[in-house]
Amino acid sequence: MTEDVRNIVLGLIAVGLSAVLGWLARTYLWKRRLRRKQAFFGLPDNSESLLVVNRDNAGGPELTVVRHDVSALLELAALIKDCGAHAQLIAHDAAQQSFGERTEFCVGSPAANRRMAAHMHSLLPGVRVNTDPEPGPDRGAFQIGSERYRLEGGIAEYVLLARLTAGQGTEARPVFLFCGQRAVTSQAATRYLARHHERLSRKHGSNAFVLLLKVVNSQAYGPDVVELVADVTRAAQTPPPVAANGKGAHRAK
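Residues numbered from 1 in each chain as written. Predicted model: local features only at pLDDT ≥ 70, side-chain atom pairs only at ≥ 80, totals over all residues. Heavy atoms only, no water.

Draft legend 1. Representation of the overall build of the chain. Secondary structure assignment for the chain yields six helices and ten strands. Relative to its full complement of 253 residues, the chain shows a buried share of 40%. In the chain, 66% of the contacts between residues at least 6 apart in sequence involve partners at least 24 apart. Carbon and sulfur atoms provide 53% of the accessible area of the chain, an area that totals close to 13900 Å². (Helix = DSSP H or I, 4+ residues; strand = E, 2+ residues; numbered from the N terminus. Buried < 20%, exposed > 50% of the residue type's maximum accessible area, 1.4 Å probe, protein only. Contact = heavy atoms within 4.5 Å. Areas by Shrake-Rupley, 256 points an atom, 1.4 Å probe, with all protein chains shown as cover.)

Draft legend 2. A positive patch on the surface, seen in detail. Residues Arg32, Arg36, Arg199, Arg202 and Lys203 make up a contiguous surface patch of positive charge. If you list the elements that add at least two residues to the positive patch, you get α1 (3-41) and α4 (183-204). For the positive patch, the element with the highest residue contribution is α4, accounting for three residues. Relative to the assigned elements, Lys203 resides in helix α4. Here Lys203 falls in the exposed class, since its relative accessible area comes to 58%. (Patch = residues over 30% accessible without salt bridge, like charges linked within 9 Å, V, L, I, M, F, W, Y side chains within 5 Å. Salt bridge = Lys/Arg side-chain N within 4 Å of Asp/Glu carboxyl O. Lys, Arg positive; Asp, Glu negative; His and termini not counted. Charge placed at Lys NZ, Arg CZ, Asp CG, Glu CD.)

Draft legend 3. Quick look at the sheet that holds strand β5 (residues 142-144). The three strands lie next to each other as β4-β5-β6, forming an open sheet whose pairing is antiparallel. Every other strand in the sheet has two partners, leaving β4 (127-129) and β6 (147-149) as the edge strands with one partner each. The mean angle between the axes of side-by-side strands here comes to 20 degrees, regardless of whether they run parallel or antiparallel. With three bridges joining them, β4 and β5 adopt antiparallel strand pairing. Paired with Val127 across the strands is Ile144, a residue of β5. (Pairing = 2+ DSSP bridges. Axes fitted to C-alpha atoms, helices over the stretch in contact; angles between N-to-C directions.)

The following block contains the structure:
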């Protein structure tokens, strides 16, 4: 074998080794990223999850969903599929089971979503949502601690994005809440989660968090322009102060 041939062979071997090592490194990084994503969402391979949503036809025999909620569910379904997990779509009034066994994604306002109302009552005692159907400046407003966030339809609308657990140990699956003042805000929150889940995972790990987001000018931009207003975890999980008569403060209706 001449020196030139030997150099060519050695070069091919080096290229092959580099390609194999590069493939192994990319595979390792991809698997590590996948495991982190699965841990954040509580979705190991072949696990089951719930997508809980409002009924557009209250009391109807079939589950019909408004357009923005459909878009939100598609965003979540893509995340679930990426984790190698499975999803079951269920109406809010048919979800009669505890949480912690399966990851749950609950979409909608507590005014229309019974499951959301139960989660808010149990897990976010510091949040009050004005569900009064009568028109008024506080209709749909969020009260979080001492701060109030009013709805300005199409201009400034708020949504809570929360990752919560029931305190059942490290094996408990989380519940994700997308509680918005309008359906477009719930879609905005699911899109925000899809885009920023890696950053949220690095910051919060497996801990609970509650973020207040603002959807800006949805009448022009739909669910695409979203601002993080604040991390309201502590205020949202703190029960309201006890009144002088010994009873807790009433939640806004």
